[in-house]
Amino acid sequence: MSSPISPVLVDCQALVLAAVSDVAENSLFAFADASEQAAFDAAAAAPLDDGGSTWVNACIDFTGSITGRFTLTVPEPLARHLCAAFAGAESADEVSDGDFLDFVGELANMVCGDWLTRASRHEAFSLTIPRVHPGPPDNNQPGAAAASEHVYLSIDDVPIRVQIQWGGNDGR
Amino acid sequence: MTQSPGARSDTPAGLNILIVDDSAMMRTMIKRSASLTGIPIGRIFEAADGQEALEVLKQQHVDALFTDINMPVMTGIELLRQIAGHARWEHMVRVIISTDGSEARRNEAGALDVRFYVEKPFRPEVMRDVLANLTGAR
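Every value quoted in this text rests on a predicted model; they were computed, and no experiment measured them.

Student: Any chance you could explain the interface of chain A and chain B here in plain terms?
Tutor: Size of an interface: often given as the accessible area lost when the parts come together. The partner chain B presents 24 residues to the 27 residues of chain A that form the contact. Here chain A packs against chain B, burying approximately 2100 Å² in sum over the two surfaces, 51% of which is carbon and sulfur. Interface area lost by chain A to chain B is led by A:Asn26, A:Phe86 and A:Arg121, which between them contribute 26%. At the junction of chain A with chain B, the criterion picks out 2 salt bridges. A salt bridge links B:Lys120 to A:Glu106; the shortest N-O distance between them is 3.1 Å. For the pair chain A and chain B, the number of links is 17 residue pairs in polar contact (both at pLDDT 80 or more).

What follows is the structure, given as structure tokens:
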């Protein structure tokens with residue numbers, strides 16, 4: 001069975017890591033690294049009263065020679081910390097909920113755009129406006145013709161995840 | 001003070017800039033980066049999409065336009081198309097700040113008189129370099 005993934009995205013894991021690192025280091029004063037699914041799953045499963053946290057997801061649909069959905073999932077405390085760094089605020093308490101959600105969408109937008117530019121420098125992609133929703137980590141249900149790839153990373157040693165669901169249209 | 005459309009602002013010492021981005025946080029970050037450059041800034045206007053930006057441009061004098069591409073209502077590329085060829089905005093420097101760094105988009109922007117193309121994410125020093133170039137080039 002042939003892979004639905006474009007040849008330019010064979011090294012998807014490395015390209016996503018490079019994109020997250022670029023955003024973290026240039027805009028957030030943070031450090032990104034590769035991580036393991038086990039670390040993410042453990043963090044996601046941890047009870048709130050035992051070191052766990054709430055989460056926030058941001059989804060963007062992209063269209064071009066490859067088409068799909070990009071979903072960034074981060075724990076809310078980390079996202080609020082990064083938001084404060086981005087805004088130049090002294091602490092996360094200074095950032096309103098509205099600005100926080102706006103930031104998470106922009107974070108996903110920067111990472112997705114950076115990744116797509118790395119994946120295919122020659123062509124432009126169309127991206128939807130980010131959809132941000134707090135809640136447990138999204139687990140996209142594969143569609144009829146879709147496949148998905150999960151990239152497990154950390155920012156400042158806190159697990160995060162990027163999920164890419166390849167679209168099933170003929171743009172691939 | 002009432003300003004006629006296109007009139008010079010009451011702060012002639014610095015560049016008047018318009019920041020167009022649907023993310024309020026990104027607009028704040030760009031403003032902060034601009035303020036850290038030490039380069040004199042006049043008035044800073046904001047718009048959340050290309051349509052809002054057009055309304056600002058009709059009312060205010062803007063020296064430099066910093067626009068995102070991917071926005072609701074009217075994209076940055078559509079905005080640039082709308083103002084292209086108008087003598088009123090001929091002097092205005094166009095700068096794109098976008099996550100889309102593809103050659104195709106850069107070429108599209110170049111055809112619309114975009115002088116600088118800044119890829120997100122960017123360091124504040126990039127804004128300093130752009131503004132320094134603008135003040136020297138005006």
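From this point, the discussion proceeds with the structure in view.
Student: Quick question: what am I supposed to make of the sheet that holds strand S5 (residues 114–119) of chain B here?
Tutor: Strand pairing in a sheet takes place through backbone hydrogen bonds and is either antiparallel or parallel in direction. All names here are of chain B. Here 5 strands make up an open sheet; going across it, the order is S2-S1-S3-S4-S5 and the pairing parallel. Either end of the sheet is taken by a strand with one partner, and the two such strands are strand S2 (41–47) and S5. Mean inter-strand twist for the sheet, computed between neighbouring axes without regard to direction, equals 20 degrees. Sheet analysis places strand S3 (residues 64–67) next to strand S4 (residues 93–98), joined by 4 bridges and oriented parallel.

Parameters and conventions
- Residues numbered from 1 in each chain as written.
- Chains lettered and ligands numbered in written order.
- Predicted model: local features only at pLDDT ≥ 70, side-chain atom pairs only at ≥ 80, totals over all residues.
- Heavy atoms only, no water.
- Contact = heavy atoms within 4.5 Å.
- Buried area = accessible area lost by both parts, 1.4 Å probe.
- Salt bridge = Lys/Arg side-chain N within 4 Å of Asp/Glu carboxyl O.
- Polar contact = N/O pair within 3.5 Å; in protein donor to acceptor, adjacent residues only side chain to side chain.
- Pairing = 2+ DSSP bridges.
- Helix = DSSP H or I, 4+ residues; strand = E, 2+ residues; numbered from the N terminus.
- Axes fitted to C-alpha atoms, helices over the stretch in contact; angles between N-to-C directions.

Any link to function would need more than the numbers given here.
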